[in-house]
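Structural characterization, general
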Amino acid sequence: MDSISGFLDKINSNIILRDYEIPDPGEDEVTVMQHYTGVCFRDILTQQGFFPRVSLPIIPGHEIGGTVVATGKNVTEFKKGDRVASLIYVPCGKCSYCLSGNENLCPNKKSFGETLNGGYSKYVNVNKNSLVKIEEDVPDEAIPIAACVTGMIVHAIKKVGKIEKGNYVLITGAGGGVGSNAIQIVRALGGIPIAETSSKWKDEELYKLGAEYVVHADDDYNKDIKKITGDGVDIALEDVGIATFNKTLRSLKTGGRMVVIGNLKPDPVSLPLGLIILKGNSIKGSISSTREDLKTALELNARGLKPIIGKKIRIDGINQAYEDMLNKKIFGRVLIDFS
Ligand SMILES: [Zn+2]
Ligand SMILES: [Zn+2]
């Protein structure tokens, strides 16, 4: 089983295409044949050298799923023909985090596209501990983004943000691959989404997706949000970083929670501690998703939650796609089509 696959050979260099023959799966692995894989902003940060643990050369990408075509000898949970979605990492399965269902925090996890070959290849070997079987009718486009986008958002809003019915949820960077999907997920979980975008041409799409209001990074949107909500939002899903952080913090109501999930430009932010104390606000990080979140995500997809896909490309369009993502030209997720 071979295919033209994408490789990152050097930091700050283009993705190079080469023929790649997938090895037989290891004892605890299956070989997954992908229909689609997702292209994530994290892949670009990896290319730019922000993930120092990356072992080069590597097949980038971590948004993996498809159909099982081969199984290792210790694998009894999955068989050929099963449809599966993968976490974006392989948990160790032994530490206290893994044993308590918090495998997203496993300190020993290995990440696809960084220390393990990842998704920019039609065939990927995946450890069984990363996989969830898809029993229901889930569209192929939803599978690669179930862990890194849908499940990650579910984890951030439900488990970390503790959403309740009727909560206002601000989503920054709402026109991106994560934010655009978050609008619908907030709705599906009973919240009222307010979308922030720096690209005004995306407003109409954001309203179509279910945003109650759209605010803009150029304005003092914390003031707009106070007008809209009265006191501020219950939860803010912060997916941008330094460009929006302070306005987002000032958009929270008393007791409101900020959940930080993205950091496009890895610069430190300044924290107005007095404000946080006076308003009893919390700021929490949320990373990735667990198998439980992945199952919830796939259930939401089976019940009609649609993945927001901005563009489908062939593998040879990957470097152009990075360019377009960096220039904010794409609304929704980019998928590489291997069919
Ligand atoms: Zn991702
Ligand atoms: Zn672990």
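The model shown is predicted, which means the values in this text are computed figures rather than measured ones.

Description of the packing of helix H3 (residues 146-160) against helix H4 (residues 177-188)
- Packing of H3 against H4 leaves a shortest axis separation of 9 Å and a crossing angle of 60°. By the angle between their directions, the pair H3 and H4 is classed as oblique. Seen along the crossing, H3 lies across H4 with a hand that is right-handed. Of the residues in H4, those in contact with Val149, Thr150, Ile153, Val154 and Ile157 of H3 are Gly177, Val178, Asn181, Ala182, Ile185 and Val186.
- Within the contact of H3 with H4, the residues separate by chemical class into 8 nonpolar, 3 polar and no charged.

Some words on the sheet that holds strand S10 (residues 131-133)
- Ordered in space as S9-S3-S5-S6-S10, the 5 strands form an open sheet in which the pairing is antiparallel. Looking at which strands have only one partner, the edges of the open sheet turn out to be strand S9 (123-127) and S10. Strand after strand, the sheet turns through a mean of 45° between neighbouring axes, direction not considered.
- Pairing analysis gives 3 bridges linking strand S6 (residues 83-86) to S10, with the strands arranged antiparallel. Directly across from Ser86, in S10, lies its bridge partner Leu131.
- Taken strand by strand, helix H9 (residues 291-302) contacts S6 and S10, and its axis lies near 35° from that of S10.

As for unusual backbone geometry
- Of the consecutive residues Leu56 and Pro57, the connecting peptide bond is found in the cis state with omega at -5°.
- Looking at the secondary structure, you find Pro57 in the loop between helix H1 (41-47) and strand S5 (65-71).
- Residues other than glycine seldom take positive phi values, yet Asn12 does so here, at roughly 65°.
- Among the secondary structure elements, Asn12 is positioned in the loop between strand S1 (2-7) and strand S2 (16-21).
- The exposed category is assigned to Asn12, around which 8 C-beta atoms lie within 10 Å.
- One non-glycine residue with positive phi stands out, namely Lys162, at about 50°.
- Within the secondary structure layout, Lys162 lies in the loop between H3 and strand S11 (168-171).

Thoughts on the domain arrangement of the protein
- Structurally, the protein comprises domain 1 (2-148 + 289-337) and domain 2 (162-285).
- Domain 1 and domain 2 are separated by 27 Å when their C-alpha centres are compared.
- Contacts between domain 1 and domain 2 engage 11 residues on the former and 13 residues on the latter.
- Here the residues of the side of domain 1 that touches domain 2 sort into 7 nonpolar, 2 polar and 2 charged.

Overview of the nonpolar core
- Formed by 87 residues in total, the largest nonpolar core has its most connected members in Ile157, Val169 and Leu237.
- In terms of residue count, the dominant contributor to this core is H3 (9 residues).
- In contact with Val169, not counting residues within four places along its chain, are Ile157, Ile163, Val186, Gly191, Ile192, Pro193, Ile194, Val233, Asp234, Ile235 and Leu237.

A few points about the pairing of S5
- Taken together, the 4 bridges between strand S3 (residues 29-33) and S5 define a ladder with antiparallel strand orientation. Bridging across to S5, Thr31 finds its partner in Ala70.
- Alignment of S5 against S6, held across 3 bridges, turns out to be antiparallel. Residue pairing for S6: Thr67 is matched across the bridge by Arg83.

Details of the pairing of strand S4 (residues 36-39)
- Residues of S4 alternate between two faces, with Tyr36 and Gly38 on one and Thr37 and Val39 on the opposite face, all of them buried.
- Judged from the 4 bridges that link them, S4 and strand S18 (residues 333-337) form a sheet pairing that is antiparallel. Of the residues in S18, the one forming a bridge with Gly38 is Leu335.

What counts, and where the lines are drawn
Residues numbered from 1 in each chain as written. Chains lettered and ligands numbered in written order. Predicted model: local features only at pLDDT ≥ 70, side-chain atom pairs only at ≥ 80, totals over all residues. Axes fitted to C-alpha atoms, helices over the stretch in contact; angles between N-to-C directions. Helix = DSSP H or I, 4+ residues; strand = E, 2+ residues; numbered from the N terminus. Parallel < 35°, antiparallel > 145°, perpendicular 65-115°, else oblique. Left-handed = near helix turned anticlockwise from the far one by under 90°. Contact = placed C-beta atoms within 7 Å. Nonpolar A, V, L, I, M, F, W, Y, C, P; charged D, E, K, R; others polar. Pairing = 2+ DSSP bridges. Buried ≥ 20, exposed ≤ 12 C-beta atoms within 10 Å, placed from the backbone. Domains from an automatic or database assignment. Core = buried A, V, L, I, M, F, W, Y, C linked by C-beta atoms within 7 Å.

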